[in-house]
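Structure at a glance
Take a look at the letters that make up each chain.
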Amino acid sequence: MRTGEPPGGRIRKERACSKSEQNIESLFQQHATGVGSAAYPQGRDEVARQLQLIAMEPQAVQNRDDLFVWPWMGVLVNVPTEWKNGRHVGESGNRLKEKLSCFCPQKVIPLWNYRGHTGNAIVEFGKDWTAFNNALAFENHFESEGYGKLDWKAYKHRRPGMFGWVARSDDQKYPGPIGDYLHKNGDLKTIADVENEEARKTNKLVANLASQIEVKRRHVEELECKYNETTTSLDMIMEQKDQLLRAYNEEIHKMQQLARRHSQRIIDENQKLRSELESKMQNLDLRSKQLDELVARSESDRRNLEHEKEKNGVKTKHLKMATLVQQRADENVLKLVEKHKLEKQVALDKIIKLEQQLDAKQKLELEIKQLQGKLEVMKHMPGEEDSESKKRIDELSEELQDKYDEMDAMESLYHTLLIKERKSNDELQDARKKLIDGLQTITTGRANIGIKRMGELDLKSLAIACGRKLSKEDAEVTAAILCSKWEADIKKPEWHPFRVVMVNGKKRELISEDDAKLQTLREEYGEEVYSLVTKALLEVNEYNPHGRYAVPELWNYKEGRKATLKEALQHVLKQWRTHKRKR
């Protein structure tokens, strides 16, 4: 049994504490439910009602107009003390708080003077209704045991044991250490005063919650509107992209059809010439047989017939040679058609202007080859000195010369455009280099457009990645060590952790996941550090595979890509105008 505690009081006090704890738990549950429902507009009235109920739940007192010391406090008197080393000493505040733990006090403050412990103490319970209920339970417990305020006035020091009650206005005005402490640390309030103050705070809380909910609702509506606008814009862009793709496919299909018709026309003309040659050979064979029959009829005409046969033989030989030349010309035309198909397929991926010039050039070459074939055929025809054949040969020769001249003009135009394109590209590259040099000297801070050193490890990002597993100081040291080590490894030309794959018919180098160094890095420091190192490797392999050192590049930090020359110039102009306005 504790010092000064009446017999049998401990059991009744534990029951009172248990009941008080149940009331406190019920209050906390009701308060949590009411505040949680305030997240929805239709629950605002319910919030106000629940909080009003909480504010009106203190245990009943005899007179609601009594002035209590607030924050709620209790008074302990006749605390056991003893004379020791020339002064009074007693139990500490923590020890007294343990004895009163079932009433949930916040603090117990023993009162001292120049003689030591005064035998008095103040019990602080807090400011809310739970604390007030605990204070009343504290007072009721001592009254039920006969150790209340009236009992203390009746018995004074004639009865051992601690006396306790809830501090009121008379206790604050009472001279002595108790009155001094209560006057200095508390105010006098009635139950109605505290209830009105709680109601005012509750109404303010409900109003604030309702205002926050309205702001959130408007924000959600704005986000929904922006989302709908973005979705509509994306749908329009996708539709435009599909239209462009369909138009491009239709244009390619038309060009392929024109090429096929042109090739088929050339093949048909060659077939027609071949048929004409075969028909003439058959006529010559028939005439030779007729001449053989006439040899027997007239000896006098034999020599003429022999001479005619020799002439026919020469003609036949010329026709055979012309046939062979025509066959070779046909083969060359077919090979040239296949060659042009391959060149046309490659040219589709190049600049449209050069593609059109190349198509015109190929068409011209086909016409030249065709004219060459026709001219060779005409030259090897039997030597009939008719003016029509000579005229045809002259026309073909003149047309062929025109085609050669047109071919030379096209070649000259092609080379001129190519030189201009190279010159323009050199000028753009020179301008890009000078812009990079200039931005490196004037750029401050992190702008949308700036200079990024491609292939260089980012020490700050490494420190952030290491900080997920290590302390801040250890992460900074580890990041510095990793940055130094891996920058040295990246510069080594003999270390090439890449594998070659084919993507859309082109060779492309990707990071080899089987590399032992990179596997060890991933296992020891995680995926984020591994990604930073492999990103630097890919950049140096793309921008400087032979030198293996970081190179500066114009960079669009906002979109995470290489910046165009136009974007960089616009950024410089914007900076210049801003600087001009400041001056």
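Residues numbered from 1 in each chain as written. Predicted model: local features only at pLDDT ≥ 70, side-chain atom pairs only at ≥ 80, totals over all residues. Heavy atoms only, no water.

**Some remarks on the environment of E528**
- By the element assignment, E528 lies in helix α15 (residues 527–543).
- Along the chain, E528 and I464 lie 64 residues apart, while their C-alpha atoms are 9.6 Å from each other.
- Among all residues touching E528, those that are not within four sequence positions of it are A465 and R468.
- Among the polar contacts listed, one links the side chain of E528 to the side chain of R468, at a separation of 2.7 Å. (Helix = DSSP H or I, 4+ residues; strand = E, 2+ residues; numbered from the N terminus. Contact = heavy atoms within 4.5 Å. Polar contact = N/O pair within 3.5 Å; in protein donor to acceptor, adjacent residues only side chain to side chain.)

**Some words on unusual backbone geometry**
- Going from W70 to P71, the amide bond is cis rather than trans, its omega being 5 degrees.
- Here P71 shows up in the loop between β1 (68–70) and β2 (72–77).
- Backbone geometry at C104 places phi at a positive 55 degrees, although glycine is not the residue there.
- In this fold, C104 is placed in the loop between α3 (93–99) and β5 (107–113).

**Remarks on the pattern of salt bridges**
- Throughout the structure, instances matching the rule amount to 20 salt bridges.
- A salt bridge links R95 to E98, with the nearest nitrogen and oxygen atoms 3.3 Å apart. One end of the pair is R95 and the other is E98, both in helix α3 and three residues apart, which spans about a single turn.
- The class for R95 is partly exposed, based on a relative accessible area of 42%.
- The partly exposed category is assigned to E98, whose relative accessible area is 48%.
- Between D489 and K485 there is a salt bridge, with its nearest N and O atoms 3.0 Å apart. Of this pair, D489 and K485 both sit in helix α13 (residues 472–490), four residues apart, which is roughly one turn of the helix.
- D489 gets classed as buried once you look at its relative accessible area, which sits at 6%.
- Salt bridges linked by common partners bring E214, R217, R218 and E221 together as one network. (Salt bridge = Lys/Arg side-chain N within 4 Å of Asp/Glu carboxyl O. Buried < 20%, exposed > 50% of the residue type's maximum accessible area, 1.4 Å probe, protein only.)

**Regarding helix α7 (residues 177–185)**
- Residues I178, G179, Y181 and L182 constitute the buried set of α7. The buried residues of α7 occupy an angular sector of 165 degrees when the element is viewed end-on, so they sit on one face. Turned more than 90 degrees from where α7 packs its buried face, D180, H183 and K184 sit exposed.
- Looking at the buried side of α7, the elements it contacts are β1, β2, β5, β6 (116–126) and α6 (169–173). (Arc of directions from axis to C-beta.)

**Focus: the confidence of the model for the protein**
- On average, residues of the protein score 76 in pLDDT, and 75% of them reach the 70 mark or higher.
- Per-element confidence in the protein is highest for β2, whose mean pLDDT is 94, and lowest for helix α1 (residues 9–37), whose mean pLDDT is 40.
- Low pLDDT (under 50) marks residues 46–57, which in the prediction has 26 contacts with non-local residues, meaning those over four places away or in another chain. (pLDDT = per-residue confidence, 0-100.)

**Remarks on the nonpolar core**
- The biggest cluster of nonpolar side chains holds 40 residues, and the ones touching the most others in it are W72 and L76.
- Secondary-structure elements contributing two or more residues to this core are β1, β2, β5, β6, α4 (129–144), β7 (163–166), α7 and α8 (191–297).
- Apart from the residues lying within four places of it in its own chain, the contact partners of W72 are V123, E124, F125, G126, K127, D128, W129, A131, F132, A135, I191 and V194. (Core = buried A, V, L, I, M, F, W, Y, C linked by side-chain atoms within 4.5 Å.)

**Re a negative patch on the surface**
- A cluster of acidic residues, D394, E398, E399, D402, D405, E406 and D408, forms a negative patch at the surface.
- Tracing the sequence through the fold places D405 in helix α11 (residues 387–442). (Patch = residues over 30% accessible without salt bridge, like charges linked within 9 Å, V, L, I, M, F, W, Y side chains within 5 Å. Areas by Shrake-Rupley, 256 points an atom, 1.4 Å probe, with all protein chains shown as cover. Lys, Arg positive; Asp, Glu negative; His and termini not counted. Charge placed at Lys NZ, Arg CZ, Asp CG, Glu CD.)

**Considering the sheet that holds strand β12 (residues 551–556)**
- Strand order in this open sheet of three strands is β9-β12-β13, and the pairing throughout is antiparallel. Each edge of the open sheet is held by one strand with a lone partner, namely β9 (449–454) and β13 (561–562).
- Inspection of the sheet shows β12 paired to β13 by two bridges, in the antiparallel sense. Note on β13: the bridge partner recorded for N556 is R561.
- Contacts from α15 reach β9, β12 and β13, with the element oriented near 90 degrees to β9. (Pairing = 2+ DSSP bridges. Axes fitted to C-alpha atoms, helices over the stretch in contact; angles between N-to-C directions.)

**With respect to the packing of α13 against helix α14 (residues 516–525)**
- It is the contact of α13 with α14, at a shortest axis distance of 13 Å, that shows an interaxial angle of 170 degrees. Regarding the angle of α13 to α14, the classification is roughly antiparallel. For the pair α13 and α14, contact is made by T478, L482, W486 and D489 and by K517, L518, L521 and Y525, respectively.
- Tallied by class, residues from the contact of α13 with α14 come to five nonpolar, one polar and two charged. (Parallel < 35°, antiparallel > 145°, perpendicular 65-115°, else oblique. Nonpolar A, V, L, I, M, F, W, Y, C, P; charged D, E, K, R; others polar.)

**Describing the pairing of β9**
- Counting buried residues along β9, five of its six residues qualify, which places the element largely inside the surrounding structure.
- As judged from the six bridges shared by β9 and β12, these two strands associate in the antiparallel manner. Looking at β12, one finds that M454 is bridged to V551.

**Topic: the packing of aromatic side chains**
- Within this structure, the stated rule accounts for eleven aromatic pairs.
- Ring geometry for W72 and F132: centres 4.4 Å apart, planes at 50 degrees, overall tilted. On the criterion of sequence distance, the pair formed by W72 in strand β2 and F132 in helix α4 is long-range, its members being 60 residues apart. One exposure class covers both W72 and F132, and it is buried.
- Each residue in the set F68, W72, W129 and F132 is aromatic and connected to the rest through ring pairs, giving one cluster.
- In this structure, K452 is placed above the aromatic ring of W555, and the distance from its NZ or CZ to the ring centre is 4.4 Å.
- For the cation-ring pair, K485 lies above W486, with the distance from its terminal atom to the ring centre recorded as 4.2 Å. (Phe/Tyr/Trp six-rings, centres within 6.5 Å; stacked < 30°, edge-to-face > 60°. Lys NZ or Arg CZ within 6 Å of the ring centre and 35° of its normal.)

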